[in-house]
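# Reading the structure
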Amino acid sequence: MGLGSPILFRSVARAVPSRFATLTVPRILYERMVAHCREEWPKEACGIMTGKGGVARRAYALRNVHAQPAIRYQIDPADQHVAMQGVLAGQEELVAIYHSHPTTVAYPSRTDVAMARYPEAAYVIVSMAGQEPEVKAFRITDGEVAELPWRVADLAGEWVDLRWLPERE
Ligand SMILES: [Zn+2]
């Protein structure tokens, strides 16, 4: 007899992240996120939100280091490392990844879909194409895009802007 089913071991080894049905964003973080997208225009802004159970409690404005920042985004790896510390330590969850579309609609581009690596998180897109920003949330799973309900709530939230930190090595 062997020592047990390897399939059973695999099934317990990896915790499945919670898949919330609605994204909740504290008003202060929503307002800062939109301001961040305005400040970066005509470049794409990017950031993440962490929290628990679909409720964002902290948002990080991160640097877009893509060579063509007007049409693409790539989160600065050092910024991402700092912002993800609580998530990597298991203290909180990655709730949302946000970026702006300076001149296009609030829907994931083909590149956004191809690059999506976090099926448990909400992908928030802020379109700056119209008079007013348009914000939509999506879940992207294995190339499939589904719109995700989201709401602004009167909750506390911490805004962390990593864009102006001194250059790191
Ligand atoms: Zn995009």
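Named according to an unreviewed UniProt entry, the protein is Peptidase originating from Caldinitratiruptor microaerophilus.

### Remarks on the pairing of strand E6 (residues 134-141)
In this structure, strand E5 (residues 122-127) lies alongside E6, joined through five bridges in antiparallel fashion. Each residue of the ladder has a partner; that of valine 126, found in E6, is valine 135. Here E5 hands over to E6 after six residues, the two strands then running antiparallel side by side. As judged from the five bridges shared by E6 and strand E7 (residues 144-148), these two strands associate in the antiparallel manner. Its bridge partner lying in E7, phenylalanine 138 is registered against glutamate 147. Hairpin remark: E6 followed by E7, antiparallel, with two residues in the connecting loop; positive phi at aspartate 142, about 50°.

### Quick look at the pattern of salt bridges
Scanning all chains against the criterion turns up 10 salt bridges. Residues arginine 27 and aspartate 154 are paired through a salt bridge, measuring 2.9 Å at the closest nitrogen-oxygen approach. Of this pair, arginine 27 sits in helix H2 (residues 27-40) while aspartate 154 sits in the loop between strand E8 (150-153) and strand E9 (158-161), and the two are 127 residues apart along the sequence. Using a relative accessible area of 66% as the deciding quantity, one classes aspartate 154 as exposed. Taking the shortest distance from any N to any O, the salt bridge between arginine 63 and aspartate 79 comes out at 3.0 Å. With arginine 63 in the loop between strand E3 (55-62) and helix H3 (77-83) and aspartate 79 in helix H3, this pair connects stretches of sequence that are 16 residues apart. If you follow the salt bridges from partner to partner, you end up with Glu39, Glu40, Lys43, Asp161 and Arg163 in one network.

### Section: the nonpolar core
With 23 residues, the main nonpolar core has Leu23, Met33, Met49, Ala96, Tyr98, Val124 and Val126 as its most contacted residues. Elements supplying a minimum of two residues to this core: strand E1 (23-26), H2, E3, strand E4 (93-101), E5 and E6. Broken down by element, this core gets its largest block of residues, four residues, from H2. Not counting residues up to four positions away in its chain, the partners in contact with methionine 49 are Val25, Met33, Ala56, Arg58, Ala59, Glu93, Leu94, Val95, Ala96 and Tyr98. Core analysis: the second largest hydrophobic core is formed by 17 residues, Ile48, Ala83, Val113 and Ile140 among them.

Calculation criteria
Residues numbered from 1 in each chain as written. Predicted model: local features only at pLDDT ≥ 70, side-chain atom pairs only at ≥ 80, totals over all residues. Heavy atoms only, no water. Pairing = 2+ DSSP bridges. Helix = DSSP H or I, 4+ residues; strand = E, 2+ residues; numbered from the N terminus. Salt bridge = Lys/Arg side-chain N within 4 Å of Asp/Glu carboxyl O. Buried < 20%, exposed > 50% of the residue type's maximum accessible area, 1.4 Å probe, protein only. Core = buried A, V, L, I, M, F, W, Y, C linked by side-chain atoms within 4.5 Å. Contact = heavy atoms within 4.5 Å.

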